[in-house]
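Here are the chains, one letter per residue:
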Amino acid sequence: MSSNDSDTRVVSGMRPTGRLHLGQYHGVLKNWVQLQHEYECYFFVADWHALTTGYEDTSQIEQHTFDMVVDWLAAGLNPGSATLFQQSRVPEHAELHLLLSMITPLPWLERMPTYKDQLQKLNDRDLSTYGFLGYPLLQAADILIYRAGHVPVGADQVVHVELTRDVARRFNHVFGREPDFEQQAEAALQKMGKKAARLYSECRRAYVEQGDAQALERARALLASQQNLSIGDSERLYGYLEGGGRIILPEPQSIINAAAKVPGLDGEKMSKSYGNTISLREAPEVVEEKVRTMKTDPARVRRNDPGEPENCPVFALHELYASDDLRTWVTEGCRSASIGCIDCKKPLIDAINAEQAQMRARAEPFENDPDLVHAVLQEGSERARDEARETLEDVRAAVGLAGR
Ligand code: TRP
Ligand code: SF4
């Protein structure tokens, strides 16, 4: 692939945490499901990442991987559209991580805000390992091995995508510079035809000398439309545009997951550690029971007390499901006390259960035959590996380890 194709590629990972809840569904998974129709997506179970903060007890990783992937499938991720796989089945991530570790300055890792944060928060764990310090670099390898252009992540992970960009830039700078780079780029240029070559040179000059970003875009578009260039020449010319060497590892952008505010049953943020979750594929009675006893606006002590939906976690859930009409009905009914909380919760329970019925139906074949899940991961991991190997071949050659 050329660095241009990376625009159409998305990669993201999730640690194997077992069954997912509605907070994770609305915050992350729904985005993934959407992205799989628009991009070439690689979604993986970040099982090595689970070891970086918890190597002492690995007994749950397999079960958690299975449960989480069933939820992915239940939510509508389709192995025909997206490549779903397991990180540890694609050892190329590890080789790239190793090679990147050679050029990554220690302070880049030590100053990661996530590093300092977690050192403080997870003080019951042994975090004095290289694995923990180096985990953002492993994440960089996860991304760069697919030359992905876009990485959906939570806001807290944006710094890791930035590190990925820094590391890619450094790698390209150190290893992308062939000794006769300029001559090679000029030779590649001649293969484009006179008119295109002249336009490219003009745009390149405008960008390099005056920082004209539009000229850069024009030159890139011109390259993208060239049919006769080999991948190597094309990469060279992309790199030459920005004055540097060949771009072996393109820099990705983050797509920040819209922080859907999903409250838990107690009104706090929905989170497994608070024990306030509604899982995907919950039994209908359980959904009903959980919502029925869910916290509401504390101002509504009695049925006749008016309430304010903005102060009510139930309403926050309604906002994820309700039609405009239903929302108006809730708002007006709550403020005028013409409906009670039980009335209000009823259509929410129905909406969640309708969504979950579909998820349960999608999950059923996989629950009945776990081998189907293993097959999805097996196939996905092979597909991912093919791509990862291609990148790694270029990387090895650039580093000087091509083996021939
Ligand atoms: N570090 C991410 C998390 O804890 C998971 C992850 C690992 C990831 N590798 C990735 C996300 C690559 C995006 C891209 O949530
Ligand atoms: Fe909340 Fe609905 Fe009760 Fe109003 S009526 S407090 S929105 S549950």
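Here the structure is a predicted model, which is why all the values come from computation and not from measurement.

Conventions adopted
Residues numbered from 1 in each chain as written. Chains lettered and ligands numbered in written order. Predicted model: local features only at pLDDT ≥ 70, side-chain atom pairs only at ≥ 80, totals over all residues. Heavy atoms only, no water. Axes fitted to C-alpha atoms, helices over the stretch in contact; angles between N-to-C directions. Helix = DSSP H or I, 4+ residues; strand = E, 2+ residues; numbered from the N terminus. Parallel < 35°, antiparallel > 145°, perpendicular 65-115°, else oblique. Left-handed = near helix turned anticlockwise from the far one by under 90°. Contact = heavy atoms within 4.5 Å. 1 Å grid on protein atoms, 1.4 Å probe; cavity = no way out; pocket = protein on both sides within 12 Å on 5 of 7 lines; lining within 4 Å. Points joined across faces, edges and corners; volume = space filled by probe spheres on them. Nonpolar A, V, L, I, M, F, W, Y, C, P; charged D, E, K, R; others polar. Buried < 20%, exposed > 50% of the residue type's maximum accessible area, 1.4 Å probe, protein only. Salt bridge = Lys/Arg side-chain N within 4 Å of Asp/Glu carboxyl O.

J.: Sorry, what's going on with the packing of helix 15 (residues 313–321) against helix 17 (residues 341–368) here?
T.: Two measures define how a pair of helices packs: the angle their axes make with one another and the distance between the axes. Taken N-terminus to C-terminus, the directions of helix 15 and helix 17 make an angle of 45 degrees; their axes are 10 Å apart at the nearest point. In terms of their interaxial angle, helix 15 and helix 17 are classed as oblique. Note on packing geometry: the crossing formed by helix 15 with helix 17 is left-handed. Side by side, helix 15 and helix 17 meet where V314, L317, H318 and Y321 of the first sit next to C344, K345, P347, L348, A351, I352 and E355 of the second.

J.: Please explain empty space enclosed by the protein as it appears in this structure.
T.: Where empty space is left can be seen by rolling a probe of water-molecule size over the atoms. Under the definition given, this model contains 1 cavity of 30 Å³ or more. Size it by volume and the largest cavity reaches roughly 110 Å³. Along the walls of the largest cavity sit 14 residues, with R300, C312, C334, C341 and C344 positioned nearest its centre. When residues of the lining of the largest cavity are traced back to their parent elements, those giving at least two are helix 15, helix 16 (324–335) and helix 17. Counted by class, the lining of the largest cavity contains 9 nonpolar, 2 polar and 3 charged residues.

J.: I tried to follow unusual backbone geometry on my own but got confused; where do I start?
T.: Excluding glycine, a negative phi dihedral is what most residues carry, and trans is how most peptide bonds are arranged. Notably, R147 is not glycine yet its phi reads approximately 45 degrees, a positive angle. Residue placement: R147 occurs in the loop between helix 8 (135–144) and strand 4 (150–153). When its relative accessible area of 4% is taken as the criterion, R147 is described as buried. Its identity as a non-glycine residue notwithstanding, A337 has a phi of 60 degrees, on the positive side. Classification of A337 as buried rests on a relative accessible area of 10%.

J.: What am I meant to see in the pattern of salt bridges here?
T.: Charged atoms that come close allow side chains of opposite charge to pair. This model, assessed by the stated rule, comprises 21 salt bridges. Notably, a salt bridge pairs R169 with D166, separated by 3.5 Å at the nearest N-O pair. Remark: D166 and R169 occur in helix 9 (residues 158–175); sequence separation between them is 3 residues, near one turn of the helix. We classify D166 as partly exposed; its relative accessible area is 27%. Measuring nitrogen to oxygen at the nearest pair gives 2.6 Å for the salt bridge that ties R281 to E367. Within this pair, whereas R281 is found in the loop between strand 5 (253–256) and helix 14 (284–292), its partner E367 is found in helix 17, the two being separated by 86 residues in sequence.

Any functional reading would require information that these geometric values do not contain.
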